[in-house]
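Residue-level listing of the chains:
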Amino acid sequence: RPFDVQAGFDLVRTGEMTYPQPHWIDGMGFVDLFTMFTCGRELYIAHSPDGRDRSAPKKFAGIGGHYQVSAVHGRRIGTFFNRHPGGVVNQRTDLYYMETSDGGRTWTTVDGRPLTAPLSDPDNPARVEEYSSRGLLVYGNDLAFTADGRPAMFYIVSRDWKPGPEAGPREWKVTAWTGREWATTTVTTSDHNYDMGSLYIHGDDWRMIGPSDPGPQPWVTGGELVLWRSRDDGRTWARERAITAANERNHFYPRRPLNAHDPFFAFWADGRADAMSESHLWFCNSDGSRVYRLPWRMEGE
């Protein structure tokens, strides 16, 4: 029933469930990674075989609070996250990765070492990069897997939570598991902590789409989208092309659809972060050569 939000919906449940990241896994049903404000932003997992019945939440990380990004490879669920020292979100730092193959009953590091969940000590085997002693903040963006199941984490590192030029350029990082160790590289820089982008891995062709170029509104979230590319498993990156340019409003939050393929490879919105404005929806193909803007008003198919 178009434009009718009253009919056709059933109330399934009420309760606290913020930042939900549900995944469908054959044989398990829905597995949802989410946050509860129990002692800061702590991480939980729950199951549902059909979207109606749901298991009790089970905490798997509580080191003062976290923001996470999760993804699935086969029956494995991987998640990476930062920690919030003292529960202060503006102090988010460090980089952690853990995974489960049984829906959260047990957790391991990337190389299979058992973890005792919920994590509570900042210094534990799940920590991949220790940024706190360097005074660096961590903002997670995307998690992707290679065909053989090696995870790669895309995130931004910053020296300050406040926007503006004083904190200097924000570094775009990729930390990937080589099969023997974690390797971290810097892709590029941008001018805001929330310059979110997405990571795509197809064989040895790795691509990143994000607002790394300054937009018409500098020092706020978003900018102009750029396609970055690596052909050596994320060790080195090159600028492939500008996807957007010379716009009136910043472009931000390009997202990777599930099973992304041409021409619907990334989708995002534009708008101003410093004033009220129109906001249009956009998408593009895999090499950024074709960009589409959806009509402001849609009168037909």
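Provided above is the structure to which this section pertains.
Quick notes on the rules
- Residues numbered from 1 in each chain as written.
- Predicted model: local features only at pLDDT ≥ 70, side-chain atom pairs only at ≥ 80, totals over all residues.
- Heavy atoms only, no water.
- Helix = DSSP H or I, 4+ residues; strand = E, 2+ residues; numbered from the N terminus.
- Buried < 20%, exposed > 50% of the residue type's maximum accessible area, 1.4 Å probe, protein only.
- Polar contact = N/O pair within 3.5 Å; in protein donor to acceptor, adjacent residues only side chain to side chain.
- Pairing = 2+ DSSP bridges.
- Axes fitted to C-alpha atoms, helices over the stretch in contact; angles between N-to-C directions.
- Phe/Tyr/Trp six-rings, centres within 6.5 Å; stacked < 30°, edge-to-face > 60°.
- Lys, Arg positive; Asp, Glu negative; His and termini not counted.
- Salt bridge = Lys/Arg side-chain N within 4 Å of Asp/Glu carboxyl O.
- Contact = heavy atoms within 4.5 Å.

*Asks:* Can you tell me about the environment of Glu 130, naming the residues and giving the values?
*Replies:* Position of Glu 130 among the secondary structure elements: in the loop between β10 (127-129) and β11 (137-145). By relative accessible area, which is 27% here, Glu 130 ends up partly exposed. On a C-alpha basis, the gap between Glu 130 and Asn 82 in space is 10.0 Å, while along the polypeptide they are 48 residues apart. A polar contact of 2.7 Å, which involves the side chain of Glu 130, links it to the side chain of Ser 133.

*Asks:* Any chance you could break down the sheet that holds strand β22 (residues 291-293) for me, citing the residues and the numbers?
*Replies:* Strand order in the open sheet formed by 4 strands is β19-β20-β21-β22, and the pairing between neighbours is antiparallel. One side of each edge strand has no neighbouring strand; the edge strands of this open sheet are β19 (250-255) and β22. Taken pair by pair, the neighbouring strands of this sheet meet at an average axis angle of 25 degrees, ignoring direction. Relative to strand β21 (residues 281-284), strand β20 (residues 266-271) runs antiparallel, the two being bridged by 4 bridges. What sits directly across from Trp 268, in β21, is Trp 282.

*Asks:* Pulling in residues and values, what's your account of the packing of aromatic side chains?
*Replies:* Across all of its chains, the model carries 16 aromatic pairs by this definition. Pairing Phe 34 with Tyr 44 gives two aromatic rings, centres 6.2 Å apart and planes at 25 degrees, and the pair type is stacked. Highlighted residues: Phe 34 in strand β2 (residues 29-37) and Tyr 44 in strand β3 (residues 41-48), separated in sequence by 10 residues. Here Phe 34 matches Tyr 44 in class, with each residue buried. One aromatic cluster is present, built from ring pairs that chain together Phe 264, Phe 267, Phe 283 and Tyr 292.

*Asks:* Please give an account of unusual backbone geometry that cites residues and values.
*Replies:* Note that the residue after Ala 117, namely Pro 118, is joined by a cis bond; omega there is 5 degrees. Topologically, Pro 118 is positioned in the loop between β9 (114-115) and β10. In the segment running from Asp 262 into Pro 263, the intervening peptide bond is cis, with an omega of 0 degrees. Mapped onto the elements, Pro 263 comes out in the loop between β19 and β20. Residues other than glycine seldom take positive phi values, yet Trp 219 does so here, at roughly 65 degrees. By the secondary structure assignment, Trp 219 is in the loop between β16 (205-213) and β17 (224-230). According to the relative accessible area criterion, Trp 219 is partly exposed, its value standing at 35%. For Asn 259, which is not glycine, the phi dihedral falls at a positive 55 degrees. Along the chain, the position of Asn 259 falls in the loop between β19 and β20.

*Asks:* Residues and numbers for the pairing of β3, please.
*Replies:* In terms of burial, β3 is a largely internal element, 6 of the 8 residues being buried. Between β2 and the antiparallel strand that follows it, β3, lie 3 residues; Gly 40 among them carries a positive phi value of about 85 degrees. Here β3 runs beside strand β4 (residues 58-61); their pairing, made up of 3 bridges, is antiparallel. The residue of β4 that forms the bridge with Leu 43 is Ala 61.

*Asks:* I'd like a description of the side chain of Asp 191, backed by residues and values.
*Replies:* Considering the arrangement of structural elements, one finds Asp 191 in the loop between β14 (182-190) and β15 (198-202). The charged side chain of Asp 191 is buried without a salt bridge, its nearest counter-charge being Arg 170 at 6.6 Å. Polar contacts involving the side chain of Asp 191 include one to the main-chain amide nitrogen of Trp 219, which spans 3.1 Å. The contacts of Asp 191, once residues within four sequence positions are left out, are Arg 170, Pro 214, Pro 218, Trp 219, Val 220 and Gly 222.

*Asks:* Explain the pattern of salt bridges to me, using residue names and the numbers behind them.
*Replies:* Two side chains bearing opposite charge may form a pair once their charged atoms approach each other closely. If you walk through the whole model with that rule in mind, you get 20 salt bridges. When the shortest N-O distance is used, the salt bridge between Arg 207 and Asp 205 registers 2.9 Å. Taking relative accessible area as the criterion, Arg 207 reaches 12% and is therefore assigned buried. Residues Arg 229 and Asp 205 are paired through a salt bridge, measuring 2.8 Å at the closest nitrogen-oxygen approach. Taken together, the residues Arg 229 in strand β17 and Asp 205 in strand β16 connect sequence positions 24 residues apart. Summarising the burial analysis for this pair, Arg 229 and Asp 205 share the class buried. Counted as one network, the salt bridges with shared partners bring together Arg 83, Asp 94, Asp 123 and Arg 127.

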